[in-house]
Amino acid sequence: AICGPLVFANAVSSALWIYCGWMMRDPAVMVPNIFSTLASTVCLCVKIYFRAPNARDVVVEAPKEVPSDLVDNDGDSTDDENDDRLAELPKRPKCDSTGSVP
């Protein structure tokens, strides 16, 4: 994941160093910071273009009920004889802590 605030701070910092190098007329300060500003700008553009949708914008289907004959008496569905039938059930998408689906 691209850390937006950190990349933005890097872009601003390197842009200020370009200005400083321009005032001193020192290419040794300007040239590396031009590349840094360009790289940070590309990272920010990629982050904006591929941003994760808000959790409220994501529509998730309601999970299907597990058939009662697949559930053991103790309440879990780990019975070895039903592994094939359990594999046919849809899996819920894994989400990270921000709620976005990878």
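None of the values given here were measured: they were computed from a predicted structure. (Residues numbered from 1 in each chain as written. Predicted model: local features only at pLDDT ≥ 70, side-chain atom pairs only at ≥ 80, totals over all residues. Heavy atoms only, no water.)

**Remarks on a nonpolar patch on the surface**
On the surface, Y19, W22, M23 and M24 cluster together into a nonpolar patch covering about 490 Å² of accessible area. Within the secondary structure, M23 is located in helix α1 (residues 4-24). (Patch = residues over 30% accessible without salt bridge, like charges linked within 9 Å, V, L, I, M, F, W, Y side chains within 5 Å. Areas by Shrake-Rupley, 256 points an atom, 1.4 Å probe, with all protein chains shown as cover. Salt bridge = Lys/Arg side-chain N within 4 Å of Asp/Glu carboxyl O. Helix = DSSP H or I, 4+ residues; strand = E, 2+ residues; numbered from the N terminus.)

**A closer look at the packing of aromatic side chains**
Applying the stated rule across the entire model yields two aromatic pairs. Judged by centre distance (4.7 Å) and plane angle (90°), the rings of Y49 and F50 are edge-to-face. Residue class for Y49 comes out exposed when judged on its relative accessible area of 64%. (Phe/Tyr/Trp six-rings, centres within 6.5 Å; stacked < 30°, edge-to-face > 60°. Buried < 20%, exposed > 50% of the residue type's maximum accessible area, 1.4 Å probe, protein only.)

**Let's talk about the packing of α1 against helix α2 (residues 27-49)**
Between α1 and α2, the least distance of the axes is 8 Å, while the angle of their chain directions is 155°. In terms of orientation, α1 and α2 fall into the roughly antiparallel class. For the element pair α1 and α2, the recorded crossing hand is left-handed. Where α1 approaches α2, its residues G4, V7, F8, N10, A11, S14, A15, W17, I18, G21, W22 and M24 are matched on the opposing element by V29, M30, N33, I34, S36, T37, S40, C43, L44 and K47. Grouping the constituent residues of the contact of α1 with α2 by class yields 13 nonpolar, eight polar and one charged. (Axes fitted to C-alpha atoms, helices over the stretch in contact; angles between N-to-C directions. Parallel < 35°, antiparallel > 145°, perpendicular 65-115°, else oblique. Left-handed = near helix turned anticlockwise from the far one by under 90°. Contact = heavy atoms within 4.5 Å. Nonpolar A, V, L, I, M, F, W, Y, C, P; charged D, E, K, R; others polar.)

**Here we look at α1**
Helix length check: α1, at 21 residues, gives a terminal C-alpha distance of 30 Å against a target of 30 Å (1.5 Å per residue), a fit within 8%. Every buried residue of α1 is listed here: G4, V7, A11, S14 and G21. For α1, the angular spread of the buried residues around the axis is 115°, confining them to a single face. When the buried face of α1 is taken as reference, the exposed residues oriented beyond 90 degrees from it are P5, L6, F8 and L16. Those residues of α1 that are buried lie in contact with α2. Where α1 terminates, the next one or two residues include R25, which has phi positive at roughly 55°. (Expected span 1.5 Å × (residues − 1). Arc of directions from axis to C-beta.)

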